[in-house]
Amino acid sequence: MSYEQLVESVQHLAEVNAGLKSTVQVVQVQSEASRDAAQAFAMTALATVTEVTGELLNADQVASAAAEVKVEQHRVLLATPEGATTIGFSYADEAALLLTLADVVSLPVRPEFFGVNLDTTDASAAIIKAITVADATGRGVDLVPGKKYLIKAGVNTVDKNVVLNFNGASLVRATDAANVPVFSVKHTMGASRPVTALTLTTFDYSGEGSLSDVHSVGLVDLSGFAVGDFVKIASDDLNPSSPTADNERLGEIFEIGALGSGVLYTLSPLKETYTTNIRVSKMTKKRCQITGLDATDLPGYPSSRGSSLVYFESVIEPVLYNAKVYDGAGIGIHFKNCYKPKTFNACVDRLRTFSASSAFGYGIYETGCMQGRHYNLSGSNMRHVYTTGTISSSAGAPDLTNHGAVIESEVHNGVATNSENAAWDTHADSLRVRFVNCTVSGKPTGVGNSRFGIQLRGRGDEAVSCKTDGPGAIAFRITNDHGYRFKVTGHKHRIAANQVQTVGVFGLTGLSTARVRADIEAEVDFSGAGLISAVYADFNCNIKAKAGVTSVASLAPVRLDSASTMTGSLDLDLTQVTGTNPRVIKTVDALSSARMDRIAVKRADTATWYIGDLTAQDGTIDVGVLETTHAQAAANGGFISPGGAAIYGVAKTVIDRIDLDAGVTLLTNAAITLSAVSRRINILDVPLTAARQVTLPTSGLRIGMRLVFIRSANATGAFDLLIGSVTTLSAVNTSATIYWSGTAWVKL
């Protein structure tokens, strides 16, 4: 660029910005080494008004340029490098302010420095250039407040520090845009290196003898590694919870805590177990902080579009504040192979699912990430507001970005409405993902939806203090028997007005070769479809539940199909149930077993109910303590259709707060028939005028159940009290204790 071109450009800038004027002074460049930097700053400024290319400015040209110009707020027009006393002016409150180099390098860059009409022509290149310049000069990028930047090629940055403030601006993907993300940040990874040994050991990071559990990672060559670096470790081992055919392999990210002789030391133990073809790859660490991200698709995009709107790959601790992603063709925000991604107050809305284009309406989608944290995430009208995944990978693949489950990520205080499927979801890959204080309202309506607000499918996933409003609360599903347990604590669920419950509140679905395991603590409302439906599952629960008005005949809140429960406590309010003969538990096969510490049932005084329905099968329903306001049906002690080898019974019964074990039955001078719910202690305290028969129960009994009979001093008369066919009390001041052996009453 010639001196004349420089002056002409500055003068043109003055004409364009007529009005308030400030003087821009470009002073002498003090060294040859700083000349290139001066040119870079000048190019940045002058690109605002004209396309500038050409040779470097020499020192004389830079020193000679001066003009009267208006300087747009927060923009530096011309600048010289370190050593200059006066660089230029910016304007604030109509006052010209001298700027030093320190001021210059702290001010943000705008895409308008590198392109024009960015709302009607593709702004991709200009934004990439702005990010590149900002990265090179240690600055951030500011978008023009409220401006809509048209994106066609996609804003794709590689190995750049990205500090970007949207200021209410938005990125709008054009209808004829390439099928790529509107905005993406990618950091490269080094070549993979084979691991020679992987050992769980200890290391003294304190320097005072306090040992920490760590892994040592053996390598032939440690060159290029340093303490504080982040490393991806992966192997050919398949994820134990994913379908085998999916080829989802293990991997995770760790930070180097120390270096030894031929080994790296992790800061803490690895989360997975690696055995086959273990290798590592060094990750690139750059800053990534984005405020006010706003991205969308223009209406009328092609149905073939399937790329996410926003994409991050292999980024260490990316942070998004107040992101808004909406009206998209597929995934909103995709984090792939990222370490500790964080979002605060993200909002995702109206994201399409169209499987033919591999487009899935996921709000935030993590694949292969570690310990993500998403606070105050809200979303509606999409398949999942949050979900996880792993990308399939072939054995021996050198690219490790596809390896790894989503490990220990969490969503806090999420709010979801009208999702097409479970709003808060994990796929089979996940390991200990948690949803904390998240809510769901509105019933799922999408194709193939699960009808549940939350769905857990990985290893050890949790829902803590969440609330759901809809047909179903939480679905638990697995495809491989990996041995982990799901955990639900403090959950609350209700059926909203005008909603029809078509699934159980909790649905546990395993396979004959893979059992779901779960611990559930909750307070719920439910109706005709029941409380728990478990197939090939083992679970514990402490649930307080109220059934709504339903006329479903033979309602069974707990339905077991090749499933078992070891229940701590189950409180059921069945007072509004109008259907006949509700059952608390239903077992449908001999493999089902319910061993319940306590059941409390509230039922209208005149309405019948049953403890269990064994459907003529040899299952087990064994209740420790039964508390009820109204005794269950007398037949079989409150059990329907037991199989010949079924095990069923109640150890202790309390009716209307009267303990059958603590209370007594006063026998009269008449025959009496006892049932399984009769009090255990029976006293004859009146004279006999004839022999009297006590008929003993033979159903609804628990092995070891005891009955005590006492004939007091007042029970005179030369007649016998016949206790079944087991024993006889013929005289006053005599007693007998009998117990149920499983097939007959036996005297102790």
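In this text, all values refer to a predicted model and were calculated from it rather than measured experimentally.

**Some details on the sheet that holds strand S61 (residues 734-740)**
The pairing of strands in a sheet happens through backbone hydrogen bonds and is either parallel or antiparallel.
Okay, so step 1: In spatial order, the strands read S54-S56-S58-S61-S62; together these 5 strands make up an open sheet with mixed pairing. The strands lining the two open edges of the sheet, one partner per strand, are strand S54 (664-667) and strand S62 (745-747). Taken pair by pair, the neighbouring strands of this sheet meet at an average axis angle of 25 degrees, ignoring direction.
Okay, so step 2: Taken together, the 6 bridges between strand S58 (residues 706-711) and S61 define a ladder with antiparallel strand orientation. Following the sheet pairing, Arg-711 is matched in S61 by Thr-734.

**Some words on the confidence of the model for the protein**
Okay, so step 1: The predicted model of the protein averages 84 in pLDDT, with 83% of residues at 70 or higher.
Okay, so step 2: Taken as a whole, residues 1-105 scores under 50 in pLDDT and shows 178 contacts with residues more than four places along the chain or in a different chain.

**As for the packing of aromatic side chains**
In this description, an aromatic ring pair is defined by two values, namely the gap between the centres and the angle between the planes.
Okay, so step 1: Counted by the stated rule, this structure contains 13 aromatic pairs.
Okay, so step 2: Aromatic pair Phe-203 and Tyr-205: ring centres 4.7 Å apart, planes at 45 degrees, arrangement tilted.
Okay, so step 3: Note on Tyr-205: relative accessible area 29%, which makes it partly exposed.
Okay, so step 4: On the basis of an interplanar angle of 40 degrees and a centroid distance of 4.7 Å, the ring pair of Phe-203 and Tyr-265 is categorised as tilted. With Phe-203 in strand S12 (residues 197-203) and Tyr-265 in strand S16 (residues 263-266), this pair connects stretches of sequence that are 62 residues apart.
Okay, so step 5: These aromatic residues form a ring-pair network of at least three members: Phe-203, Tyr-205 and Tyr-265.
Okay, so step 6: The aromatic ring of Tyr-326 is capped on one face by Lys-324, whose charged end is 5.1 Å from the ring centroid.
Okay, so step 7: Here the basic side chain of Arg-459 rests over the ring of Tyr-484, its NZ or CZ set 5.9 Å away from the ring centre.

The rules we used
- Residues numbered from 1 in each chain as written.
- Predicted model: local features only at pLDDT ≥ 70, side-chain atom pairs only at ≥ 80, totals over all residues.
- Heavy atoms only, no water.
- Pairing = 2+ DSSP bridges.
- Helix = DSSP H or I, 4+ residues; strand = E, 2+ residues; numbered from the N terminus.
- Axes fitted to C-alpha atoms, helices over the stretch in contact; angles between N-to-C directions.
- pLDDT = per-residue confidence, 0-100.
- Contact = heavy atoms within 4.5 Å.
- Phe/Tyr/Trp six-rings, centres within 6.5 Å; stacked < 30°, edge-to-face > 60°.
- Buried < 20%, exposed > 50% of the residue type's maximum accessible area, 1.4 Å probe, protein only.
- Lys NZ or Arg CZ within 6 Å of the ring centre and 35° of its normal.

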